[in-house]
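Here is how the chains run, residue by residue.
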Amino acid sequence: MFRPLVAVVASSLTAVGLTVPAASASPSSCGVVGTNWTAQAQPHAPPEGLLNAYSNTGKGWTGADSTYSVPLSGGRTAWIFSDTFLGPVNPDGSRPTTTPFINNSFVIQKGQNLKTVTGGTAANPTALVPPPSNGWYWFGAAQTSHAGRDLDVVALRFEKTGPGQWDWRWASNYLARFDTKTFKLRSLTPIPSAANVQWSGWLLRDRGYTYVYGVEDLGGSKYQHVARVRGDDLTAKPWEYWTGSGWSSDETASARVLEGVANEHSVTRFNDGYVLVTHDTKELFSKRVLGYFSCSPTGPWVKPVELYQTPETGAAGSYGNGNIITYNSHDHPDLRRGNSLLVSYNVNSLDANTDLYADVSIYRPRFVAVTLVATP
């Protein structure tokens, strides 16, 4: 039930799969890397309270994970979720065991108003992307394309491999395209999946490209990979893959950039460089949220700083429950306030079939305002 823990081609050389120099890469030195940073964190940042209050009404979305956000026209924000509980909510803060549960959903925010968007009908809600036979889709990073007319969401296809709770695996990557007015699914298109990389961690628009951050998930180890596509449509142009020294059209040439990232993380512009926000997956069920810095969207990522420790995690956490875990922290750059990052993370339980029904408050995203302060 919870998330996995546990580009136009630059030249004719790329067209035949050869690596070309990173001519457009950022400089090797910049102020953000040359600075020593510390973090000041303020938990329960907006929109946490708004989402909690909406969940408590039991009239739609009552909890989920993934928690990506995309600004839409008309002052709207699309919140992108994977495994999702819908209402109702019992007066004591528990869920009925018959509550609907689907694998992906949206919550559309305009001001202080929220609306749940699913597939199916009000009486029989379903996932926005219908599950394939023997599997399901989880949502990843998202962005708009075609001048904001489309909402593009990376959809990871998973499949069952047996009857047990953990008998499933990632199968392939897709791009789910939705109309930004009706939120109807326009298309579901396969995207690169040949290198054992889930290209769903993050999408960054920068200098005419969309950078696609993926994760090679080996269970005990997780590695960041980077691809890019010219423009904003991941299905319209050839992809290029960062090899460590340049770009190649060969997906299998994609290099490991950083170990210890989460399946969901973020890379955003910060001052004259870039900041990467991730849960620390070098520790099992870690409560540490880390920030790394680089002068380039392809890394190298240096000077890790602890941004926050999630208070809910483990037996010593705020729930006093050793099954409670936190994961998949990332930034929301379009919702930042001043110099503060807006970091979300997900909360779940290893005993989901008990805890998530007993206490609706567990399975909700948390938000933290993180201010990075330069130190001498």
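Details of the structure are given in the entry above.
Residues numbered from 1 in each chain as written. Predicted model: local features only at pLDDT ≥ 70, side-chain atom pairs only at ≥ 80, totals over all residues. Heavy atoms only, no water.

Glancing now at the sheet that holds strand E25 (residues 340–349). Here four strands make up an open sheet; going across it, the order is E2-E26-E25-E24 and the pairing antiparallel. On the outer flanks of this sheet lie strand E2 (36–43) and strand E24 (324–331), each paired with one strand and no other. Across the sheet, the axes of successive neighbouring strands diverge by a mean angle of 35°, strand direction being ignored. Taken together, the six bridges between E24 and E25 define a ladder with antiparallel strand orientation. Note that in E25 the partner of Thr 326 across the bridge is Val 347. (Pairing = 2+ DSSP bridges. Helix = DSSP H or I, 4+ residues; strand = E, 2+ residues; numbered from the N terminus. Axes fitted to C-alpha atoms, helices over the stretch in contact; angles between N-to-C directions.)

Attention now moves to the pattern of salt bridges. When the charged atoms of two side chains with opposite charge come close together, those side chains can pair. In the structure shown here, the tally under the stated rule is 17 salt bridges. Ionic pairing is found between Asp 152 and Arg 177, a salt bridge with its closest N-O pair at 2.8 Å. Of this pair, Asp 152 sits in strand E11 (residues 150–160) while Arg 177 sits in strand E12 (residues 168–179); the two residues are 25 residues apart in sequence, bridging distant segments of the chain. On the basis of relative accessibility, which here comes to 10%, the residue Arg 177 falls in the buried class. Note that Asp 217 is salt-bridged to Lys 222, the shortest N-O span being 2.9 Å. The exposure class assigned to Lys 222 is buried, which follows from its relative accessible area of 3%. What emerges from the salt-bridge pattern is a single network uniting Asp 150, Asp 152, Arg 177, Asp 179, Arg 186 and Asp 233. (Salt bridge = Lys/Arg side-chain N within 4 Å of Asp/Glu carboxyl O. Buried < 20%, exposed > 50% of the residue type's maximum accessible area, 1.4 Å probe, protein only.)

A few words on the pairing of strand E15 (residues 209–217). Of all nine residues that make up E15, eight are buried, and the element is covered over most of its length. In the sheet, strand E14 (residues 198–206) pairs with E15 via six bridges, with the strands oriented antiparallel. From the neighbouring strand, Asp 206 faces E15, where its bridge partner is Tyr 209. Where E14 hands over to E15, the hairpin turn is made up of two residues, of which Arg 207 adopts a positive phi near 55°. The pairing of E15 with strand E16 (residues 222–230) spans nine bridges and is antiparallel. Counted as the bridge partner of Val 215 is Gln 224 from E16. Here E15 hands over to E16 after four residues, with Gly 219 in that stretch at a positive phi of 85°.

Tallying each qualifying case throughout the model produces 27 aromatic pairs. Their ring planes at 90° and their centres at 5.7 Å tell us that Tyr 137 and Tyr 174 sit as a pair that is edge-to-face. Note that Tyr 137 is positioned in strand E10 (residues 135–145) and Tyr 174 in strand E12, a separation of 37 residues in sequence. In this structure, Arg 256 packs its charged tip against the face of Tyr 223, placed 4.0 Å from the ring centre. (Phe/Tyr/Trp six-rings, centres within 6.5 Å; stacked < 30°, edge-to-face > 60°. Lys NZ or Arg CZ within 6 Å of the ring centre and 35° of its normal.)

One can find Ala 127 in the loop between strand E9 (125–126) and E10. Between the alpha carbons of Ala 127 and Ser 82 there is a distance of 9.1 Å; along the sequence they are 45 residues apart. With residues up to four places along the chain from it excluded, the contact list for Ala 127 reads Ile 102, Asn 103, Asn 104 and Gly 119. (Contact = heavy atoms within 4.5 Å.)

A few words now on the environment of Pro 304. Summarising the element assignment, Pro 304 is placed in strand E23 (residues 302–309). Judged by relative accessible area, which is 52%, Pro 304 ranks as exposed. Residues Pro 304 and Lys 160, 144 residues apart in the sequence, show an inter-C-alpha distance of 37 Å. In this structure Pro 304 touches Gly 291 and Tyr 292, once residues within four positions along its chain are discounted.

Note that all results are geometric; they support no functional claim without further evidence.
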